[in-house]
Amino acid sequence: MQTHFDDEGVATYKKTVVENGVLKTMLYDLFHKRFGCTVSGYINARRVERSMELLKNTDKSITQVLYECGFESEQSFHRAFRRMSAMTPGEYRRKNTSK
C-alpha cells in the first residue's frame, strides 16, 4: 500500500474499487478499521512523509516537492504538512538540513 500516491496511484485505487465491485463505503470502513484513518488521510500522510524526505535530502524547491509528492495546490500541501509536523515546509527544511 505504501506506493507513490500521485494522481495515477489514486486513479488506480479508484479503478480497482470499481473493477472488483467493492462498495466504496464498505472499503472505506474496512480501511479505517485496519489503518485507523481515512483513505485520504493515509494518502496525505504518505505524501507528507515523502515530502519530508525530499525537503531534507534534496535542493528541490518546495513547489517542486509538493507537486512531485502528488499535492495539487500549495494550500493543501501546507495544510497537510502543518497538520503532521506542526511547522511549515520551510521551517522543517531549515531545522533538518545542515546547509
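So, how was this worked out
- Note on numbering: residues in each chain are counted from 1, in written sequence order.
- Local features in this predicted model are restricted to residues whose pLDDT is 70 or higher, and side-chain atom pairs enter the listing and the counts only when it is 80 or higher, whereas totals over whole chains, interfaces and linings include all residues.
- Calculated side-chain values reflect all of the structure's heavy atoms, with hydrogen atoms and water omitted.
- Aromatic rings from Phe, Tyr and Trp, with only the six-membered ring used for Trp, were paired whenever their centres fell within 6.5 Å, and each pair was classed as stacked if the ring planes differed by under 30 degrees, edge-to-face if by over 60, and tilted otherwise.
- Every helix listed is a DSSP run of H or I at least four residues long, and every strand listed is a run of E at least two residues long, numbered separately from the N terminus.
- Burial classes follow relative accessibility: with a 1.4 Å probe on protein chains only, a residue under 20% of its type's maximum area counts as buried, one over 50% as exposed, and anything between as partly exposed.
- The arc under discussion is defined with respect to the helix axis, by the directions toward the C-beta atoms.
- By definition in these notes, contact holds between two residues if any of their heavy atoms fall within 4.5 Å.
- Residues adjacent in sequence count toward polar contacts only when both atoms are side-chain atoms; beyond that, a polar contact is any pair of N or O atoms within 3.5 Å, and within protein one must be able to donate a hydrogen and the other to accept it.
- Excluding any residue in a salt bridge, patches collect residues exceeding 30% relative accessible area, merging like charges within 9 Å and nonpolar Val, Leu, Ile, Met, Phe, Trp and Tyr side chains within 5 Å.
- Each accessible area value is a Shrake-Rupley result obtained with a 1.4 Å probe; residue values ignore everything except the protein chains displayed when judging cover.
- For this analysis, a salt bridge means a side-chain nitrogen from Lys or Arg found within 4 Å of a carboxyl oxygen belonging to Asp or Glu.
- Nonpolar cores are built from buried Ala, Val, Leu, Ile, Met, Phe, Trp, Tyr and Cys residues. Side-chain atoms within 4.5 Å join them into one set.

Caption draft 1: Main features of the packing of aromatic side chains. This structure, assessed with the given rule, holds 6 aromatic pairs. Between Phe31 and Phe35, the ring centres sit 4.5 Å apart and the planes meet at 35 degrees, which makes this aromatic pair tilted. You can see Phe31 and its partner Phe35 sitting in helix α2 (residues 24-35), 4 residues apart, about one turn around the helix. For the ring pair Phe31 and Tyr42, a centre distance of 5.4 Å and an interplane angle of 80 degrees mean the geometry is edge-to-face.

Caption draft 2: Here's a closer look at helix α6 (residues 89-96). Every buried residue belonging to α6 is among Pro89, Gly90, Tyr92 and Arg93, and all of these are buried. Here the buried residues of α6 occupy an arc of 160 degrees about the axis, which is enough to place them on one side. When the buried face of α6 is taken as reference, the exposed residues oriented beyond 90 degrees from it are Arg94 and Lys95. For α6, the secondary structure elements touched by its buried residues are α3 (39-57), α4 (62-68) and α5 (74-85).

Caption draft 3: The arrangement of the side chain of Ser85 in detail. Here Ser85 shows up in helix α5. Of the polar contacts made by the side chain of Ser85, one reaches the backbone oxygen of Phe81; its length is 2.8 Å. One polar contact links the side chain of Ser85 to the main-chain carbonyl oxygen of Met87, over a distance of 3.0 Å.

Caption draft 4: Representation of a nonpolar patch on the surface within the structure. A surface patch of nonpolar side chains, about 320 Å² in accessible area, is lined by Leu23, Met26 and Leu30. With respect to the helices and strands, the residue Leu23 is situated in the loop between α1 (7-19) and α2.

Caption draft 5: Fine view of the environment of Phe71. Tracing the sequence through the fold places Phe71 in the loop between α4 and α5. Not counting residues within four places of it along the chain, the set of residues in contact with Phe71 comprises Asn44, Arg47, Val48, Leu66, Ser76, Phe77 and Ala80.

Caption draft 6: Fine view of the nonpolar core. Val48, Phe71, Phe81 and Tyr92 are the most contacted members of the largest nonpolar core, which totals 13 residues. Contributing elements (two or more residues each) for this core: α3, α4 and α5. Counting residues per element, this core draws most heavily on α3, at 4 residues.

Caption draft 7: Molecular detail of the environment of Ser76. Topologically, Ser76 is positioned in helix α5. Put simply, Ser76 and Leu66 are 10 residues apart on the chain and 9.3 Å apart in space, counted from C-alpha to C-alpha.

Caption draft 8: The pattern of salt bridges, seen in detail. Scanning all chains against the criterion turns up 4 salt bridges. Residue Arg46 pairs with Glu49 through a salt bridge whose shortest N-O separation is 2.7 Å. Remark: Glu49 and Arg46 occur in helix α3; sequence separation between them is 3 residues, near one turn of the helix. What makes Glu49 partly exposed here is its relative accessible area of 34%. Salt bridges sharing common partners tie together Arg50, Glu53, Lys60 and Glu68.

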